[in-house]
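Listed here are the chains, written in short residue letters.
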Amino acid sequence: MADVSQKSGPLALLAGAALFVLFEVVAYQVLRFATSGLGMSNQLQPENTIVSNWVKTVVFLLLHLALVVTVVLVLSNRLPRRHRGQLMGWFYLSLLTGFGLLWPLFN
């Protein structure tokens, strides 16, 4: 007999989107606090260099990547099989969101 996988419905997709937004908001707040001592607060100074802000950017992105990979590894073992199909889509969206979160981080 063929393995017929049951797909998750629209309610599960909506719940996944809500949990994704909640995760990204909490991750941003935690990482903003963790990287608050790095970088320059006023970037429009004549003697400003890119180095300190570059360090803050790289640390933020690496911590975000580590957090996302950890969450994906934990969730891939905990979620029921019918909901695991959504996981990689949210993972890829989270990787792109990490770069988008740099904008409010420096404003």
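The structure we're discussing is the one just above.
Residues numbered from 1 in each chain as written. Predicted model: local features only at pLDDT ≥ 70, side-chain atom pairs only at ≥ 80, totals over all residues. Heavy atoms only, no water.

Trainee: Explain the overall build of the protein chain to me, please; I cannot follow it from the model alone.
Mentor: If you tally the helices and strands in the protein chain, you get four helices and zero strands. Traced from its N-terminal end to its C-terminal end, the protein chain shows the element sequence α-α-α-α. Per-residue burial over the protein chain gives 21% buried out of 107 residues. In the protein chain, of all internal contacts separated by at least 6 residues, the share reaching a separation of at least 24 is 72%. If you sum the accessible surface of the protein chain, you get close to 7800 Å²; carbon and sulfur atoms cover 71% of it. (Helix = DSSP H or I, 4+ residues; strand = E, 2+ residues; numbered from the N terminus. Buried < 20%, exposed > 50% of the residue type's maximum accessible area, 1.4 Å probe, protein only. Contact = heavy atoms within 4.5 Å. Areas by Shrake-Rupley, 256 points an atom, 1.4 Å probe, with all protein chains shown as cover.)

Trainee: Whenever I open this one, the layout of surface pockets confuses me. Can you help?
Mentor: Once rolled over the atoms, a probe with the size of a water molecule shows which space is left empty. In this model, the largest pocket occupies a volume close to 430 Å³. What lines the largest pocket is a set of 18 residues, among which Gly16, Leu19, Leu75, Leu87 and Trp90 lie closest to the centre. Of all the elements in the fold, those that place two or more residues in the lining of the largest pocket are helix 1 (10-34), helix 2 (51-78) and helix 3 (87-100). Examining the composition of the lining of the largest pocket, we find that seven residues originate from one element, helix 1, more than from any other. For the lining of the largest pocket, the residue count by class is 14 nonpolar, four polar and no charged. (1 Å grid on protein atoms, 1.4 Å probe; cavity = no way out; pocket = protein on both sides within 12 Å on 5 of 7 lines; lining within 4 Å. Points joined across faces, edges and corners; volume = space filled by probe spheres on them. Nonpolar A, V, L, I, M, F, W, Y, C, P; charged D, E, K, R; others polar.)

Trainee: Sorry if this is basic, but what is going on with the nonpolar core here?
Mentor: Within soluble globular proteins, side chains that are nonpolar tend to cluster in buried spots. Formed by Tyr28, Leu31, Phe60, Leu101, Leu102 and Leu105, the largest nonpolar core amounts to six residues. Those elements that provide at least two residues to this core are helix 1 and helix 4 (102-105). In this structure, Leu31 is in contact with Phe60, Leu63 and His64, ignoring residues within four places of it in sequence. (Core = buried A, V, L, I, M, F, W, Y, C linked by side-chain atoms within 4.5 Å.)

Trainee: Quick question: what am I supposed to make of the environment of Ala27 here?
Mentor: Among the structural elements, Ala27 can be located in helix 1. Distance in space between the C-alpha atoms of Ala27 and Val68 is 9.0 Å, their sequence separation being 41 residues.

Trainee: Help me understand helix 1 in this model?
Mentor: Residues lying three or four places apart along an α-helix face the same way, a consequence of the helix completing one turn every 3.6 residues. Between its terminal C-alpha atoms helix 1 stretches 36 Å, which fits the 36 Å expected from 25 residues at 1.5 Å a residue. Along helix 1, the residues classified as buried are Ala12, Gly16, Phe20, Glu24, Ala27, Tyr28 and Leu31. (Expected span 1.5 Å × (residues − 1).)

Trainee: Please explain the environment of Val69 as it appears in this structure.
Mentor: With respect to the secondary-structure elements, Val69 resides in helix 2. Residue Val69 is classed as partly exposed on the basis of its relative accessible area of 33%. Taking the C-alpha atoms as reference, Val69 lies 9.6 Å from Leu95; in sequence the two are 26 residues apart.

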